[in-house]
Structures are given as C-alpha cells and as structure tokens.
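The lines below spell out each chain.
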Amino acid sequence: MKVKGRITEVKGTVVKASNVSGVQMNEMVKVGETGLIGEVVRVEGDSAYVQVYEFTTGLKPGEPVEGLGSPLSVTLAPGIVGNIYDGLQRPLSTIEGYTISRGYTAEAIDVNKSWHFVPVVKPGIKVQGGEKIGYVEETELIRHYIMIPPNVIGNLTYVAPEGDYKVTDQIAEVQGSEKQSISMLQRWSVRVPRPIKRRLVASEPLITGQRVIDAFFPLAKGGSAAVPGGFGTGKTVLLHQMASWANSRIVVYVGCGERGNEMVELLKTFPKLNDPISGKPIMQKSIMIANTSNMPVAAREASVYVGLTLAEYYRDMGYDSLMLADSTSRWAEALREISGRLEEIPAEEGYPSYLASRIASFYERAGYVETLSGDFGSVSIIGAVSPPGGDFTEPVTTHTLRYVKAFWLLDPNLAYSRHYPAVNWISSYSSYVESLSDWWSLNISDEFETLRRRALDILFKEESLRNIVRLLGPEVLPEDEKLLLEAANMLREGFLKQSAYHEVDRYTPPLVQYYLLKLIISFYEKAKEKLTGGATVEEIKASPLYLEVIRARFNVKSKENFEAIMKKVMEF
Ligand SMILES: Nc1ncnc2c1ncn2[C@@H]1O[C@H](COP(=O)(O)OP(=O)(O)OP(=O)(O)O)[C@@H](O)[C@H]1O
Ligand SMILES: [Mg+2]
C-alpha cells in the first residue's frame, strides 16, 4: 500500500513529513508537487525524515509526500554498459548540458530496444537465484547473462526460444510456491549487497599497467584500495588510468562531487581508447556515474551504492568488475551534511558517528567470490580520498586506511617535482603482495619477486642515506653508496615515474614491467663490478647505456627490444 502524507519542514536536502505511518526505512518516496525523488532515512512515530536527491528549492510545507513501497533500487538489464548515469541511475546524454528536470524518472535503459536472446537451459529443471538461463550480446566485449533473480527458486516451466525480445518481455517462467514470470530486467536495492555463494582468497592481480602499483603495491582482483592525496596531487589522473587500462571485464566509474569538466574529459578520451587486451573500445565495458559538484548533494551519497550494485550485478555473471570512486571524501561530506540536517550528534570534525562503519561496509563489498551460479567473479574497489589541506590524519583518511587492504599515498613533494604518479614508495602499502607472488612467478618470471625486493631495498637504502646527503652532500659518501643513489635514481626515473600521456609509457604490461626492472637491476650489478675494477661512478653515469636503460620505459615493447638492450648491459 502506498503511504501519503504532507511535508511539515524543509531543511535543505532533508524534508520532514507527517502522517506517513507505514513507510519503511530506506523506502523511496515522491516529494512535493513536482515529485522529487527521496529516500526515508529516519522514521519517528508517524513522521519520517526524507533525504531528497534533487534540489529542494521552492519546496514548501504542506506539499504531498508519497511512499513508493520499495527501497532505492537500480535497474539491471542489458543496455547498461556504455551509459552515463546520474547518481540515481538516470541517463545523462551529456554532462555539459546537464538538464534533467526535477522529478524526472527516466528508465535507466531503453525499454523499446530488442535484444537477441539465446537460451542456455531447457525447461523442466530446478532453478534458483543466480542461475544463468541465457544471454544476449550486450556489447562486443560483454556477453550479458540473463540470470534467475536472487530469492527465486522453483521449477523452470518455460524458457523463450532464441529470438529478439525487449527487456520487459517474458523469457522464462518459474513455478515455486507461486508462478513467477521472468524477464531480462531485474531490480535490486542499492543498499543491500547482492548475494553470493562464498568469498574466496584473491590470488590474481588486477593488472593496471601502472608500474608502481602492479610491481610494488599491487591490487588483487576483488581487492580494495584507496588513493589518498592532497589537492592536485594526481588522484583523478591515476583513477582515469586505472579505468582505461585495468584488465577488468567491467569498469564502473563514479565521479562523486568532483568537477564536471573532468567527467567530460573522461567521456572525450574514453571513446578513443582501446582495451589493451581485446583491442576493442573501452566504452564497451564501461559504465559512468556522474554526480559532479554542480549536482544535488544527497544523490552523491547514493551514487556510490548505485555504482557498487551495478558492479556486483556483472560480477554475478562471472566477471571481474572494477569500481572507481572519485572522491569518497565528497561522499563522506554528503553524509555529514545530511547528518547535520537530521540534527544527529556529531563525532569527529562534524562527521556522524557511523562514518567509520559506513566506510567499512562500502569497502567490504569488494571481494573475489564464488557466485550463486558457481562461477568466479570479483568486485574490486578503488576510492580516491581528498583530505582537506592534504592532512592524512583527518577522519575520512584515517578510517579508510584502516579498512582498505592496499593504499597508494600521493606525495605533494613528488607532485611538485613532477614525479607522476606521485605514489610515495616508502609509505604506500599492499597486503596482496604475498598472495600474488605465485602469479608473477608462474606467468611472468620466477625471478620477479627477487627483482622486486632488490628494487625496494635500493629505494629504502636511498631513503636512509638521504639525511646524510642533505646535511653533508653526496661527496662524503663512499663510491658504492654513491652508486646505490644512482641505482635509486634509475628506478625513480626509469620505473616509478610514468607519464599518463605518453603513448608507450602510459600502459606497461606485466612482462615489460619485469623487463624494465631486470634491466635496471642488471645494470646496477654490472656497474658494481666495474666499480670494483676501478671505474668511478662519474664514468659509469657518463656511459650512454645509463641513459638508454632509464629511457627503456619509452621504448621497450617486445622481447626483442628488451634483449637488445640487455645484451649491451651484459657486455657493459
Ligand atoms: N601520471 C601523470 N602523468 C602526467 N601528468 C600527471 C599525472 N598525474 C597527474 N598529472 C598532472 O597533475 C595534474 C593534477 O592531477 P589531478 O587532477 O589528477 O589531481 P587531483 O589529485 O585529482 O586534484 P584535485 O584535488 O583537484 O581533485 C594533472 O592535470 C596533470 O597535469
Ligand atoms: Mg581530482
């Protein structure tokens, strides 16, 4: 039954309604004459507080409030991929011309479009939630499996023959305790994680093509990571890089409270980029959600859950999904604003006391899982964090760092000196290193882990020598330590730095990452021998090979390229 009441108070994005007994927590409601979309966030007797997802200007007490009887949900059906949505999954044709009229409820997908459905099961079997009954080719990259919705169980009494169907047409029927008609369209509440069979230990890397990440601080498929960084340190560029090159099957990019022109930038560059593995346009595996700074604040809070639910839906088909959120700090600010309007008792820096648990449950939706249909799929989550003043001790950053399993700290000093990505290699961290090392030794080289350790060891030693150098200058160091500083410099210039704009450098496949480390470490070993043989560090640096090894990141694309330089190193 739909509940109808009246607005009694408007407090910015939050509205109080009376006479609404029977509305549920998290129920969707229509607010005011124009039917703005909102969600019940607190129920008090026969009154309720509603978080309104649109601009509330002009809304007045006395206007109607109507419960819609269902929680805030997303539409799940073929036709999602390649779209750009607002924070409530309403399609945006362009963001520049963002003109959704208030109260507008468009279908998330084109319900008039026909899809060629191919059944993969025959009637007469028992089915339950998650089971794949057929598929459509959603894009060239995504075979979209049509699954029995979670919570449905029974005998499959009908499956449509191969043919063209609209998403709302019946394509199957299940006889359980009652008869249920199944179409290609399901709905799912965004605040409830989609069910899975079980969680598994993640043991495959999410390859991002970003060397400092893949080689030193890797993320597993199904892992969670954060990118904390002060103003202008390169968070957005790094997330765009991940969205462009990561080897996930699906990318969900949530632009949350950031500048609209950055989303426009993404939309302009994406159609020109091809997936490094399939060679197909990456738009064919991407879903964008834009809730930029000029859009209503409360929808920002919802947008990350909309994104997560879409990522989970494709995971359920047995795919690896990657969800990127820029920036989770703006999301937390939306939480703070709504909490303030609800007059909740504030905790640290005005954030609600449930900030930590919200952050935790957000990242907990990442995981490598066995799906209900017995496939393996994953949701990986990467969130940018933008602490005010670059202060990593503020609440959103500290709580995030507690819950993610990898973090790449962006360092303003590196960014100022144009060392990009400005990931600090001393203080960044990944708990996935160990579980992924087998993958590297089996697929790339059993020498990889040793090279990685050698490289990090050189960088850590450089760090400890820095103070001496700062105080007394490099001249006081013995030659072998001077050489170590050079090796560290080669690692910084030839490996850690990576331009997002150079055609070769912007994406480095894992094998090439190994080649580059091998070249640098081998050169260092050779140089040490030369040093013992009487050469000076100055002489070694003056060799053209020194520069060639550093510049290999722009040139090495194949085994042949690598072997040619390696030969010179061995003869050095
Ligand atoms: N990998 C990179 N390669 C080359 N340039 C980069 C790279 N990363 C960042 N930059 C430079 O740094 C600038 C700022 O980066 P970006 O917009 O990503 O920072 P941000 O941390 O998202 O900033 P904000 O705090 O404003 O959101 C970019 O415009 C670009 O010039
Ligand atoms: Mg940014």
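As a convention, each chain's residues are numbered from 1 in the sequence order in which they are written. Going through the entries in the order they are written, you letter the chains from A and number the ligands from 1. With the structure being a predicted model, the display of local features is reserved for residues of pLDDT at least 70 and the display and counting of side-chain atom pairs for 80 or more, all residues being used for whole-chain, interface and lining totals. Remark: hydrogens and water are excluded; side-chain values derive from all non-hydrogen atoms of the structure.

Engineer: Honestly, the overall build of the chain in this entry has me stumped. Any pointers?
Structural biologist: Summing up its helical and strand segments, the chain has 16 helices and 26 strands in all. Over its C-alpha trace the chain gives a radius of gyration of 27 Å, about what one expects of a compact globule, namely 25 Å for 572 residues. Any two residues whose heavy atoms approach within 4.5 Å at even a single point are treated as in contact. Put simply, 70% of the contacts in the chain that link residues at least 6 apart link residues at least 24 apart. As displayed, the chain offers around 23,500 Å² of accessible surface, 51% of which is attributable to carbon and sulfur atoms. Runs of E in the DSSP output that reach at least two residues are strands. Runs of H or I that reach at least four are helices, and both are numbered from the N terminus. A radius of gyration in this sense is built from C-alpha atoms; the matching globule rule multiplies 2.2 Å by the number of residues raised to 0.38. Methods summary: accessible areas were calculated by the Shrake-Rupley approach with a probe of 1.4 Å, and residue burial reflects only the protein chains presented.

Engineer: Hey, could you run me through unusual backbone geometry in this one?
Structural biologist: Across the chain, the bulk of peptide bonds are trans and the bulk of non-glycine residues have phi less than zero. Cis peptide bonds are those with omega within 30 degrees of zero, and the linkage from Asp326 to Ser327 qualifies with 5°. Counting through the fold element by element, Ser327 comes out in the loop between strand S22 (320-326) and helix H5 (328-341). Positive phi is not limited to glycine here, since Glu343 has a value of about 55°. Along the chain, Glu343 turns up in the loop between H5 and helix H6 (355-363).

Engineer: Before we go on, may I ask you to explain the packing of aromatic side chains in this structure?
Structural biologist: To describe a pair of aromatic rings, you give the distance between the ring centres and the angle between the ring planes. Working definition: rings of Phe, Tyr and Trp (its six-membered ring) pair if their centres are within 6.5 Å, and the pair is stacked with planes under 30 degrees apart, edge-to-face with planes over 60 apart, and tilted otherwise. Summed over all chains, the structure comprises 17 aromatic pairs. Seen in terms of ring centroids, Tyr514 and Tyr515 are 6.0 Å apart; in terms of plane orientation they differ by 45°. Their pairing is tilted. Residue Tyr514 shares its accessibility class with Tyr515, and that shared class is buried. Clustering of aromatic rings is evident, with ring pairs tying together Tyr305, Trp331, Phe362 and Tyr363. In this analysis the charged atom, NZ for Lys or CZ for Arg, is taken to sit over a ring once it is within 6 Å of the ring centre and within 35 degrees of the ring normal. The residue whose ring lies beneath Arg42 is Tyr49, and the NZ or CZ to ring-centre distance is 4.9 Å. Positioned above the aromatic ring of Tyr351 is the side chain of Arg336, whose terminal nitrogen or guanidinium carbon lies 4.3 Å from the ring centre. Partly exposed residues are those whose accessible area sits between 20% and 50% of the maximum for their type, while under 20% is buried and over 50% is exposed, using a 1.4 Å probe and protein chains only.

Engineer: Help me out: how do you make sense of the nonpolar core in this one?
Structural biologist: Soluble globular proteins tend to bury their nonpolar side chains together. Joining through side-chain atoms within 4.5 Å is the link that ties buried Ala, Val, Leu, Ile, Met, Phe, Trp, Tyr and Cys residues into a set, and such a set is a nonpolar core. Of all hydrophobic cores here, the largest spans 91 residues; its most connected members are Phe216, Ile382, Trp408 and Phe523. No other element matches the twelve residues that helix H12 (residues 510-532) contributes to this core. Contact partners of Ile382, with chain neighbours within four places excluded, come to Leu219, Ala225, Val227, Leu239, Met242, Leu322, Met323, Leu324, Ala325 and Trp408. Grouped together as the second largest cluster of nonpolar side chains are 83 residues, Val14, Ile142, Tyr145 and Tyr305 included.

Engineer: Looking at this structure, I do not really get the site of ligand 1. What am I missing?
Structural biologist: Proximity is defined per residue: if any heavy atom of the residue lies within 4 Å of a molecule or strand, that residue is considered near it. Around ligand 1, a shell composed of 15 residues is seen, among which Gly234, Lys235, Thr236, Val237 and Arg259 lie nearest. One of the side-chain nitrogen or oxygen atoms of Lys235 is found 2.8 Å away from an oxygen atom of ligand 1. Within the complex, the protein chains bury 80% of what would otherwise be the 630 Å² of accessible surface of ligand 1. Both site types are read off a 1 Å grid over the protein atoms alone. A 1.4 Å probe that fits but cannot get out defines a cavity, while an open set with protein on both sides within 12 Å along at least five of seven lines defines a pocket; lining residues have an atom within 4 Å of a point. In this scheme, a molecule is assigned to a cavity or pocket if more than half of its atoms are within 2 Å of the grid points. Because more than half of its atoms lie within 2 Å of the grid, ligand 1 is assigned to the largest pocket. In terms of residue class, the shell around ligand 1 is built from five nonpolar, seven polar and three charged. Note that the domain bounds were set by an automatic or database domain assignment. Two domains each provide a minimum of three residues to the shell around ligand 1, namely domain 3 (198-430) and domain 4 (448-571). Any pair of N or O atoms that falls within 3.5 Å is considered a polar contact. Within protein, one atom must be able to donate a hydrogen and the other to accept it, and sequence-neighbouring residues count only if both atoms are side-chain atoms. The nonpolar class holds Ala, Val, Leu, Ile, Met, Phe, Trp, Tyr, Cys and Pro. Asp, Glu, Lys and Arg form the charged class, and all remaining residues, Gly among them, are polar.

Engineer: Can you help me understand the sheet that holds strand S13 (residues 153-159) in this one?
Structural biologist: By definition, the strands of a sheet pair up through backbone hydrogen bonds, in either a parallel or an antiparallel sense. Pairs of strands are assigned from DSSP output, requiring at least two bridges between the strands. With antiparallel pairing, the four strands of this open sheet are ordered in space as S10-S13-S15-S16. The open sheet has two edge strands with one neighbour each: strand S10 (126-128) and strand S16 (179-183). Each adjacent strand pair in this sheet contributes to an overall mean axis angle of 45°, direction not counted. Examined bridge by bridge, S13 and strand S15 (residues 170-175) share four bridges and lie antiparallel to one another. Residue pairing for S15: Leu156 is matched across the bridge by Val174. What counts as an axis is a line fitted to C-alpha atoms, over the stretch in contact for a helix, and the angles between N-to-C directions run from 0 to 180 degrees.

Engineer: Help me out: how do you make sense of the packing of helix H10 (residues 448-472) against helix H11 (residues 479-496) in this one?
Structural biologist: Helix packing for two helices is described by the angle between their axes and how far apart those axes are. Remark: H10 packs on H11, axes separated minimally by 9 Å, with the N-to-C direction vectors making an angle of 120°. Classed by the angle they form, the pair H10 and H11 counts as oblique. Considering the relative orientation of H10 and H11, their crossing is left-handed. Across the interface between the two elements, Ala455, Ile458, Leu459, Lys461, Glu462, Leu465, Arg466 and Val469 of H10 pack against Glu481, Leu484, Leu485, Ala487, Ala488, Leu491, Arg492 and Leu496 of H11. When an angle is under 35 degrees it counts as roughly parallel; over 145 it counts as roughly antiparallel; between 65 and 115 it counts as roughly perpendicular; any other value is oblique. Left-handed describes a crossing whose near helix is turned anticlockwise from the far helix by less than a right angle; the clockwise case is right-handed.

Engineer: It is not clear to me how H11 should be interpreted in this structure. Could you clarify?
Structural biologist: Structurally, the α-helix is built with 3.6 residues per turn, so residues lying three or four positions apart point the same way. Given the number of residues in a helix, its expected span is that number minus one, multiplied by 1.5 Å. If you check H11, its first and last C-alpha atoms are 24 Å apart, about what 18 residues at 1.5 Å a residue would give, namely 26 Å. Looking at H11, one finds that the buried residues are Leu483, Leu484, Leu485, Glu486, Ala487, Ala488, Met490, Leu491, Arg492, Gly494, Phe495 and Leu496. Residues of H11 that are buried make contact with helix H1 (211-216), H10, H12, helix H13 (537-542), helix H14 (544-550) and helix H15 (552-555).

Engineer: Sorry if this is basic, but what is going on with the side chain of Glu63 here?
Structural biologist: Inspection of the secondary structure puts Glu63 in the loop between strand S5 (47-52) and strand S6 (64-71). Buried and unpaired, Glu63 has Lys60 as its nearest opposite-charge partner, separated by 4.0 Å. For Glu63, the side chain forms a polar contact with the main-chain nitrogen of Glu33, separated by 2.8 Å. Filtering out sequence-adjacent residues up to four positions away, Glu63 remains in contact with Gly5, Arg6, Ile7, Gly32, Glu33 and Gly58. Charged residues are defined narrowly, with Lys and Arg counted positive, Asp and Glu counted negative, and His plus the chain ends left uncounted. Salt bridges are defined as contacts in which a side-chain nitrogen from Lys or Arg sits within 4 Å of a carboxyl oxygen from Asp or Glu.

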